[in-house]
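Report on the structure
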Amino acid sequence: SPVPATRVEITVSCRQLLDRDTFSKSDPLCVLYTQRPGSHQWREFGRTEVIDNSLNPDFLHKFVLDYYFEERQNLRFDLYDVDSKSPDLSKHDFLGQAFCTLGEIVGSAGSRLEKPLIGIPGKKCGTIILLAEELGNCRDVATLQFCANKLDKKDFFGKSDPFMVFYRSNEDGTFTICHKTEVVRNTLNPVWAAFAIPVRALCNGDHDRAIKVEVYDWDRDGSHDFIGEFTTSYRELAQGQSHFNVYEVVNPRKKMKKKKYLNSGTVTLLSFTVEAEHTFLDYIRGGTQLSFTVAIDFTASNGNPSQPTSLHYLSPFQLNAYSLALRAVGDIIQDYDSDKMFPALGFGAKVPPDGHVSHEFPLNGDASNPACHGIAGVLEAYQRSLRHVQLYGPTNFAPVVNHVARSAAMVLDGSQYFVLLIITDGVISDMAQTKEAIVNAAKLPMSIIIVGVGQAEFDAMVELDGDDIRISSRGKVAERDIVQFVPFRDYMSGGPGAGLSMAGLAREVLAEIPDQLLSYMKARGIKPPPIPPMSPETPP
């Protein structure tokens, strides 16, 4: 199973619950149910404590869930008025329930979602308030710089070429290498460049754990000469430049042999700073919206839409590959876009009224505003377009990439990040222009997902993906990898497993988005805005 992006803690509060007790108020308990990906079966995940006599409970017990951006994680919260000690929920009064996804909570303003409780016909059941917080698994990154003085001379003809190796200690007393500095040539008084390292890597969260540092003289043949070593700890280093952070470099063998041996030089910490590494959720909680645009391939190579063999065939019984791919990706992304308005474009068709070939026509027919409401709106506009346009060619991607790039270029402050989903049968005609468009787009807050449908060879798409070789155009290399390509056929399974394979498709295409968003924010030095503290009482 995929590695969770992070862990999220859910705090539950309710307001104005139903009163089911005659002489006192209800004694509420909240039960959380989850579903496995691709399964419709609810499994109990956990229960809060019972709060006596309250219609406005703030539960202390929190639910800690693994969070995957690329999965739709369905949640169900059931509330009960507890009347006895029995763990059997059927023995207690049902107070209502709420359904949502983890993405919905996380994607709400301040990661705080308020929903009406439902489930008892004809009664207002009150509201549930869900607050998501990322668990800080020590995201700090330390930046350190060292210099050394009067190190032992190890080379016969010149001075030493020193470098240092850092090790963190493990529970069992062994050491694990965690950093190596660069080599400074021909000096006994080197100043090494500053380096950044996750605090986790340096001490695994234990600030008093020993950190061992070895100093070597570099030799071309790899038989580096040991100069000496010293130990420190994160807590000591965190004091920064001070007399505490000047270390004697000692060679134990020399110390045993020579009575008058003092040391083999000293190492001094010049500077120490620490800052938190920002995560995808920091930006989402800070208000960054994911703006989702869809571009659909209307070229003739898809086959005549009225024929069942066509990739665009609209069967009354099942969705075609284009619709399935759109749903799989869109259903997840829409949780992170507050207005749920998605621009939808087509390319490679002759469009009315005059039958000219267009490579960025609005599926809803409105060139001034190609946005559709929700994924359902996009599907509807797609199906309507199929009846009005003539499939043609060639297959040009550059116009839709540039279309989204123009929008992205207007919002460079990190408040929006654009995701373009291109669904295509894969035979691309404007490779050079598309590469150039992608190289330019890599500077902007955007990512491109390409889903290839049908049985074509997708070699060109794999090249655009740039996982192995970063894409370039006219000698300019893309500054980030922003394209993710997935062939739809790898996830094609009809029958009961179809839901699961669509979840797999979404997982595959969305998995890189969080890191791509972070790489943009980092390159531009954009920090997430701080979250104002919210008590359950504050209206959103």
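Sequence order as written defines the numbering, with residues in each chain counted from 1. With the structure being a predicted model, the display of local features is reserved for residues of pLDDT at least 70 and the display and counting of side-chain atom pairs for 80 or more, all residues being used for whole-chain, interface and lining totals. With hydrogens and water excluded, all non-hydrogen atoms of the structure serve as input to the side-chain values.

1. So, the packing of aromatic side chains
For Phe, Tyr and Trp, rings pair up if their centres lie within 6.5 Å, where Trp contributes its six-membered ring, and each pair is then called stacked (planes under 30 degrees apart), edge-to-face (over 60) or tilted (otherwise). Under the criterion given, the structure shown has 20 aromatic pairs. The interplanar angle of 65 degrees and the centroid separation of 5.7 Å between the aromatic rings of Tyr80 and Phe94 together place this pair among those described as edge-to-face. Separated by 14 residues along the polypeptide, Tyr80 in strand E5 (residues 74-81) and Phe94 in strand E6 (residues 93-101) bring together distant segments of the chain. The rule is simple: take the accessible area with a 1.4 Å probe, protein chains only, and divide by the maximum for that residue type; under 20% is buried, over 50% is exposed, in between is partly exposed. Tyr80 sits in the buried class, given a relative accessible area of 11%. Ring geometry for Phe280 versus Tyr336: centroids 6.3 Å apart, planes at 50 degrees, classification tilted. Placement of the pair is Phe280 in helix H5 (residues 280-285) and Tyr336 in the loop between helix H6 (321-333) and strand E18 (341-347), with a sequence separation of 56 residues. The exposure class of Phe280 is buried, given its relative accessible area of 6%. Only DSSP runs of H or I covering at least 4 residues are called helices, and only runs of E covering at least 2 are called strands; the numbering of each starts at the N terminus.

2. Considerations on the domain arrangement of the protein chain
For each domain, the first and last residues come from an automatic or database assignment. Segmenting the protein chain into domains produces domain 1 (6-135), domain 2 (140-276) and domain 3 (288-352 + 393-524). Here the C-alpha centre of domain 3 lies 36 Å away from the C-alpha centre of domain 1. Note on contacts: a residue pair is in contact if any heavy atoms of the two residues lie within 4.5 Å. Facing twelve residues of domain 1, the contacting portion of domain 3 comprises 13 residues. Between domain 1 and domain 3, the buried area comes to about 1100 Å², and carbon and sulfur atoms account for 62% of it. Note: buried area is the sum, over both parts, of the accessible area (probe 1.4 Å) each one loses when the two are combined.

3. Focus: the pairing of strand E11 (residues 175-180)
Bridging between strand E10 (residues 162-169) and E11 involves five bridges; their strand directions are antiparallel. Its bridge partner lying in E11, Ser169 is registered against Phe175. Hairpin connection of E10 to E11: five residues between the antiparallel strands, including Gly173 at a positive phi of 90 degrees. Should DSSP find at least two bridges between two strands, the strands are taken to pair.

4. So, the environment of Phe361
For Phe361, the location among the structural elements is in strand E21 (residues 361-362). For Phe361, a relative accessible area of 5% gives the class buried. Remark: the alpha-carbon pair of Phe361 and Ala349, spanning twelve residues in sequence, is separated by 8.6 Å.

5. Focus on the sheet that holds strand E14 (residues 225-233)
Spatial ordering of the open sheet is given by E11-E10-E13-E14, a layout of four strands whose pairing is antiparallel. At either end of the open sheet lies a strand with only one pairing partner, and these are E11 and E14. Ignoring which end each strand starts from, the neighbouring axes of this sheet average 25 degrees apart. Both strand E13 (residues 210-217) and E14 contribute to a ladder of eight bridges, which runs antiparallel. Paired with Ile211 across the bridge in E14 is Thr232. The angle between two axes is taken between their N-to-C directions and runs from 0 to 180 degrees, where each axis is a line fitted to C-alpha atoms and a helix contributes only its stretch in contact.

6. Re the packing of helix H8 (residues 398-408) against helix H9 (residues 431-441)
Orientation of H8 relative to H9, taken along the N-to-C sense of each, is 15 degrees, at an axis distance of 9 Å. Between H8 and H9, the interaxial angle falls into the category roughly parallel. Note on packing geometry: the crossing formed by H8 with H9 is left-handed. On H9, the residues touching Ala398, Val401 and Asn402 of H8 are Gln433, Thr434, Ala437, Ile438 and Ala441. Side-chain classes follow a simple rule in which Ala, Val, Leu, Ile, Met, Phe, Trp, Tyr, Cys and Pro form the nonpolar group, Asp, Glu, Lys and Arg form the charged group, and the remainder, Gly included, forms the polar group. Partitioned by chemical class, the residues of the contact of H8 with H9 number five nonpolar, three polar and no charged. By definition in this entry, angles of less than 35 degrees are roughly parallel, angles greater than 145 are roughly antiparallel, angles of 65 to 115 are roughly perpendicular, and the rest are oblique. The sense of a crossing depends on the near helix, which, turned anticlockwise from the far helix by less than a right angle, makes the crossing left-handed and, turned clockwise, makes it right-handed.

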